[in-house]
Amino acid sequence: MATSTSSAFHAESFESAWKKFETEHFDLVIIGGGSVGAGAALDAATRGLKVAVIEARDFAAGTSSRSSKMFHGGLRYLAMLDFRLVAESLRERELSMSTLAPHLVKPLRFIFPLTHRFWERPYMASGFMLYDLMGGAKSVPMQKHLSHRTTMKIAPGLRDDALVGGVRYYDTLVDDARHTMTVLRTAAEFGAVVRSSTQVVGFEKTGERITGVTVRDTNSGDETTIHSDVCINATGVWNDELQKLAGVSGKFSVHTSKGVHIVVPKSCLEADAALCFVTEKSVLFVIPWGEYWIIGTTDTDWDKNLANPAATRSDIDYILEHVNAKVRRRIRYEDIVGVYSGLRPLLSGKSDSTTNLSRNHAVARVAPGMVSVAGGKYTTYRVIGKDAVDKAVEDIAKKVPGSVTEHTPLLGADGYHALANQIPALALRLGISEAQVDHLLGRYGSLIFEVLAPAHDDPTLLEPIPGAEQYLKAEAVYAVTHEGALHLEDILHRRLRISMEYADRGVGSAESVARLVGPYLNWDDNNIAAEINQFRTATEATLAAEKELTDDAANSIATQASDARPLIDTGQDR
């Protein structure tokens, strides 16, 4: 499966998908190309169901590309006595790290600084011990308690008076957008018909039963209706809007909370582990990300634009204030190279008949032919998808086998460990540095040879992208030929993470990347210029919004930016 191209997303596959939407009947239509929709797609496809997956924008364009970049066990839920959620999260974390996606989900060492001398250490020791016993210490070491001196050796960038000791524990690091896209590609490998730039604009009904989903191509404006036995609404923060469009009253609704992260260079803080602090409003993580630290998050109500939740100067100041209370060298606004803001879909139940609330996600049959799923943690995406398909199967008139996704590695997982064990030899074989091999294996796993194959005919593809030297040109091309990128922002925001890793937010790379991928997308000079202009103006609007102090002011600026998909309705009147 490592070298398969049947799961590749490219322009021709999107045209083929549209024709299938027009002419074929599906068992299941999944609305939403984020982590939950992807998990449901893989689950359904591996059960032999005929599945269509549609996403209005780009895969993982919303919440699923704007997380804290961790699959974590939910340590904080122990304090809430939600043991089932923690055990389930730890099991899923272990599955992803060891079996399903070891190339994408990596062990991450954390330090939890202790700030009280007497009661906190035994209190945290009991919590971490429970965490380990429930599954947190399988592929990674158990907790270890550290003195003040040892903690400062690991994280000398912390202030002496910011801690009295520490606890070492482990969670994991993941590129959320890449993970979601890879789950979708794996679903396509097993037969799912997957298409982005496809927005739901209506539903077809026979009596009370939903029998079809009317969709619009957000690039061309074409419309068609996909007919199916059942559909799953896996749109996250858009859940209520989709139910309203379908004319159904859901058993739960979704409340949105905004989480903001900043990205700063590694030089801003000297530490050899991730850090976790508890604030009065949220948990503040300091996560190593290549040559950077990701620091966040905030937790504030949001009732405005769902497509572009704007970060404000107040959000950024909150993060800086709390991290600077712990570190020796103050991190300044000028140090920040990236900022991103995402929305959490928080459940608000309406009746006791909602299922699976015990897992902090909800699945419900809201109408004949329609299932809604919302809430939950990214870590448990696979279980959430399985539960959604289990419910949807009730509307499918044939025998459907059980879920097998816990035994189904993602594309790139097979052979990853063997390749990671021979990095020097691979570097010689491929003609790139060992650091570049390590970088590619951590993003593509055993698909590395597929990524670099075009460089046999065009060695310039092994060159770095101008202005974003940690990425190779071959990666931008692969984003288009195999990973479904249709627009410049898809590449710079999600396939590659250039827009959050460079101070110019990717503007300096925009032209070179657009010209590089243009021939693969049949762009002429006008298309290339339009893509560059759209990316630049959207970036300028985001930067301007970040200078505003209030959500209202930032939102009014952020909503002025045009979308790369010109015909999409992003709810900017919210």
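A quick note: this is a predicted structure, and the numbers were derived from the prediction, not measured. (Residues numbered from 1 in each chain as written. Predicted model: local features only at pLDDT ≥ 70, side-chain atom pairs only at ≥ 80, totals over all residues. Heavy atoms only, no water.)

**Let's talk about the pairing of strand β10 (residues 252-265)**
In terms of burial, β10 is a largely internal element, 12 of the 14 residues being buried. Across two bridges, β10 lies against strand β14 (residues 300-301) in antiparallel orientation. Paired with lysine 258 across the strands is threonine 300, a residue of β14. With five bridges joining them, β10 and strand β13 (residues 292-296) adopt antiparallel strand pairing. Note that in β13 the partner of proline 265 across the bridge is tyrosine 292. (Buried < 20%, exposed > 50% of the residue type's maximum accessible area, 1.4 Å probe, protein only. Helix = DSSP H or I, 4+ residues; strand = E, 2+ residues; numbered from the N terminus. Pairing = 2+ DSSP bridges.)

**Points about the packing of aromatic side chains**
What characterises a pair of aromatic rings is the spacing of the ring centres plus the angle enclosed by the ring planes. Scanning the entire structure with this criterion turns up 13 aromatic pairs. Between phenylalanine 110 and tyrosine 169, the ring centres sit 5.1 Å apart and the planes meet at 15°, which makes this aromatic pair stacked. Of the two residues, phenylalanine 110 is situated in strand β3 (residues 105-114) and tyrosine 169 in strand β5 (residues 165-174); the sequence distance between them amounts to 59 residues. Tyrosine 169 carries the same exposure label as phenylalanine 110, and that label is buried. (Phe/Tyr/Trp six-rings, centres within 6.5 Å; stacked < 30°, edge-to-face > 60°.)

**Structural notes on the packing of helix α18 (residues 525-545) against helix α19 (residues 551-558)**
The contact between α18 and α19 brings their axes to 8 Å, and the two run at 170°. What the angle tells us is that α18 and α19 run roughly antiparallel. Touching Ala541, Ala544 and Ala545 of α18 are Ala554, Ile557 and Ala558, all from α19. Of the residues belonging to the contact of α18 with α19, the class tally is six nonpolar, no polar and no charged. (Axes fitted to C-alpha atoms, helices over the stretch in contact; angles between N-to-C directions. Parallel < 35°, antiparallel > 145°, perpendicular 65-115°, else oblique. Contact = heavy atoms within 4.5 Å. Nonpolar A, V, L, I, M, F, W, Y, C, P; charged D, E, K, R; others polar.)

**So, a nonpolar patch on the surface**
On the surface, a cluster of nonpolar side chains totalling about 440 Å² of accessible area is made up of Phe118, Trp119 and Tyr123. Here tyrosine 123 shows up in helix α4 (residues 120-136). (Patch = residues over 30% accessible without salt bridge, like charges linked within 9 Å, V, L, I, M, F, W, Y side chains within 5 Å. Areas by Shrake-Rupley, 256 points an atom, 1.4 Å probe, with all protein chains shown as cover. Salt bridge = Lys/Arg side-chain N within 4 Å of Asp/Glu carboxyl O.)

**Quick word on the side chain of threonine 225**
With respect to the helices, strands and loops of the structure, threonine 225 is situated in strand β9 (residues 223-233). Polar contacts involving the side chain of threonine 225 include one to the side chain of threonine 214, which spans 3.1 Å. Residues in contact with threonine 225, not counting those within four places in the same chain, are Phe21, Glu204, Gly212, Val213 and Thr214. (Polar contact = N/O pair within 3.5 Å; in protein donor to acceptor, adjacent residues only side chain to side chain.)

**What about the pattern of salt bridges?**
Evaluation of the coordinates by the stated rule reveals 38 salt bridges. For the salt bridge of arginine 565 with aspartate 490, the shortest nitrogen-to-oxygen distance reads 2.8 Å. Taken together, the residues arginine 565 in the segment after α19 and aspartate 490 in helix α15 (residues 488-495) connect sequence positions 75 residues apart. Across this residue pair, the class does not change: arginine 565 and aspartate 490 are buried. Here the residues in one salt-bridge network are Asp58, Glu489, Asp490, Arg494, Arg495 and Arg565, joined through shared partners.

**Notes on unusual backbone geometry**
With a phi close to 50°, serine 197 is a non-glycine residue in the positive phi region. Relative accessible area serves as the criterion here: at 2%, serine 197 is assigned to the buried category. Positive phi values are uncommon outside glycine, yet asparagine 522 reaches one of about 60°. Within the secondary structure layout, asparagine 522 lies in the loop between α17 (507-517) and α18.

**Digging into the environment of proline 156**
Inspection of the secondary structure assignment puts proline 156 in the loop between α5 (148-154) and β5. Classification of proline 156 as partly exposed rests on a relative accessible area of 25%. With residues up to four places along the chain from it excluded, the contact list for proline 156 reads Glu270, Ala271 and Arg328.

**Structural notes on the UniProt feature "domain: Alpha-glycerophosphate oxidase C-terminal" (unreviewed entry) in the chain**
Within this structure's numbering, the places UniProt gives as "domain: Alpha-glycerophosphate oxidase C-terminal" (unreviewed entry) are residues 403-526. The span residues 403-526 is 51% helix and 6% strand, and its two end C-alpha atoms sit 47 Å from each other. (UniProt positions renumbered as here; feature names shortened; annotations may be inferred.)

**Observations concerning the packing of α17 against α18**
Between α17 and α18, the least distance of the axes is 10 Å, while the angle of their chain directions is 160°. Judged by the angle between their axes, α17 and α18 are roughly antiparallel. Crossing geometry of α17 relative to α18 is assigned as right-handed. Side by side, α17 and α18 meet where Val507, Ala510, Glu511, Ala514 and Arg515 of the first sit next to Asp525, Ile528, Ile532, Phe535, Arg536 and Thr539 of the second. Taken together, the residues that form the contact of α17 with α18 break down as six nonpolar, one polar and four charged. (Left-handed = near helix turned anticlockwise from the far one by under 90°.)

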